[in-house]
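Coordinate inspection notes
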Amino acid sequence: MTTVTVKASHTYDVTIGRGLLAQVGQTAAGLWKGRTAAVVSDTNVAPRYLDTLRASLEGAGFRVLPFVFPAGEEHKNGHTYLNLLEYLAQEHLTRADGLIALGGGVVGDLTGFAAATFLRGIPFLQVPTTLLAAVDASVGGKTAIDLENGKNLAGAFYQPKAVLCDLDTLATLPEADFADGCAEVIKYGMIGDAGLLDTLETIDLRADPEGVTARCIAHKRDLVEQDEFDTGARQLLNLGHTIGHGVEACSGYQISHGKAVAIGMTLVTRGAVAFGKCPPAVLPRLEGLLARYRLPTATDYAAGDLYEKTLSDKKRAGDTISLVVPTAWGRSQLVPVPVGELKTWIERGLGQ
């Protein structure tokens, strides 16, 4: 078992290990005074793990209120969010009670935003059940829902009270979902950990999920502690996301987040090579690593369509957008790009 401590608005622990679902009740009992816990999950995860979590919570003396919504990014919206708030109000949750996010990134984002805004803020606990959520979405306090005009456009910075990453849940992940998490792991390597990339080239990530997960979380911890509210260094975590969000939006969110990020990383790296900001040898090596983890590196969407979808990106400030650009194998930097030039970056990324 490994623990990574995050010192943000408040200090909390991220615990990585096995058998942690059975410890959620004991953990929650030490995090808030009330004895009601609303467990938010989706129709993919709840049938597998809700009973185990409920037993742990009830064993610790909690009244358990399950809220299960349809799985999928398309349900991380205002309708589901308001239904959750109405449910919490109907069940008379107080500020002494708490929420528990049981699921992947969609569940964690929605639950965190509800916790941040219900009664102007109640405690919540993250219990990620996907690799993507464990290494990225559950840590750092970014919470949000999607709007019709873009992803994660309504949200809040709101840190969890704790994060419990039970690696046993990874055993039931479909290969496609596991690959989504691998994209985020590779992203951490491309930001600033060439050693991690080298390791991923020689071993299968499943061989050491605890070590790799802890390593990624430690990288995110360091950036969050420098820049909790995402105005500087933390934006490095968006490598591949600006164009990746465009890919997701163009697909109507039928292309998953991890696969879109893999495409986004490839395109921005190809663009960086074309503009002389990155050595040419980096691109084929990145493409090979992504392919090793069954991730795509290309898209058929037109540059103009991708560009239009990036205009609502949260990293845009006026007429400039902060683009995360690889400059070497295992090193990236923030490059302010005039919005009018972003289309050219995308074109170069597409090989045009």
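Our subject is the structure listed above.
Treat the numbers as computed from the prediction; the structure is a model and nothing was measured. Starting from 1, residues in each chain are numbered consecutively following that chain's sequence as written. Side-chain atom pairs in this predicted model are given and counted only at pLDDT of 80 or more, local residue features only at pLDDT of at least 70, and totals for whole chains, interfaces and linings cover all residues. Computation of side-chain values covers all heavy atoms of the structure but excludes hydrogens and water.

Once that is clear, we can look at the sheet that holds strand 4 (residues 63-69). Two strands pair if DSSP finds at least two bridges between them. In DSSP terms, a helix is any run of H or I states spanning at least four residues, a strand is any run of E spanning at least two, and both are numbered starting from the N terminus. An order of 1-2-9-6-5-3-4 is seen for the 7 strands of this open sheet, with the pairing classed as mixed. Strands at the two margins of the open sheet, each flanked by one partner only, are strand 1 (2-7) and strand 4. On average, each strand axis in the sheet is tilted by 15 degrees relative to the strand beside it, whichever way the strands run. Sheet topology note: the strand 3 (residues 36-42)/strand 4 ladder contains 7 bridges and is parallel. Note on strand 4: the bridge partner recorded for A38 is L65. Any two residues having at least one pair of non-hydrogen atoms within 4.5 Å are treated as being in contact. Whenever a helix is involved, its axis is fitted only over the stretch in contact; in every case the axis is a line through C-alpha atoms, and angles between N-to-C directions fall within 0 to 180 degrees. Sheet strands touched by helix 8 (residues 209-226): strand 1, strand 2 (11-17) and strand 9 (162-166). Its angle to strand 1, the strand with the most contacts, is close to 10 degrees.

Pairing is possible between side chains of opposite charge, provided their charged atoms come close. One side-chain nitrogen of Lys or Arg within 4 Å of one carboxyl oxygen of Asp or Glu is enough to make a salt bridge. As enumerated under the stated definition, the model contains 18 salt bridges in all. Here E248 ties to K151 by a salt bridge, and the two come within 2.8 Å at their closest N and O atoms. You can see E248 sitting in helix 9 (residues 241-250) and its partner K151 sitting in strand 8 (residues 150-157), a full 97 residues away along the chain.

Our next topic: the nonpolar core. Residues belong to one nonpolar core when they are buried, are Ala, Val, Leu, Ile, Met, Phe, Trp, Tyr or Cys, and are joined through side-chain atoms within 4.5 Å. Here's how the labels work: a residue is buried when its accessible area is under 20% of the maximum for its type, exposed when over 50%, partly exposed in between, all with a 1.4 Å probe on protein chains only. By size, the foremost hydrophobic cluster in this structure holds 67 residues, and its most contacted members are V14, L131, V185, I186, L205 and L295. A per-element tally of this core places helix 6 (residues 175-192) first, with 9 residues. Setting aside chain neighbours within four positions, we find I186 in contact with L197, L200, M265, L286, L289, L290, Y293 and L295. Membership of the second largest hydrophobic core comes to 24 residues, among which are L65, A114, F118 and F124.

Another point: the pairing of strand 3. Of all 7 residues in strand 3, 7 are buried, a share of seventy percent or more. The side-chain alternation of strand 3 yields two buried faces, one formed by T36, A38, V40 and D42 and the other by A37, V39 and S41. When the strands point away from the viewer, a crossover counts as right-handed if the route from the first strand across the helix to the second turns clockwise. Traced from strand 3 through helix 2 (residues 46-59) to strand 4, the parallel crossover comes out right-handed. When strand 3 meets strand 5 (residues 98-103), the two strands line up parallel, connected through 4 bridges. When the bridges of strand 5 are listed, V40 appears paired with A101.

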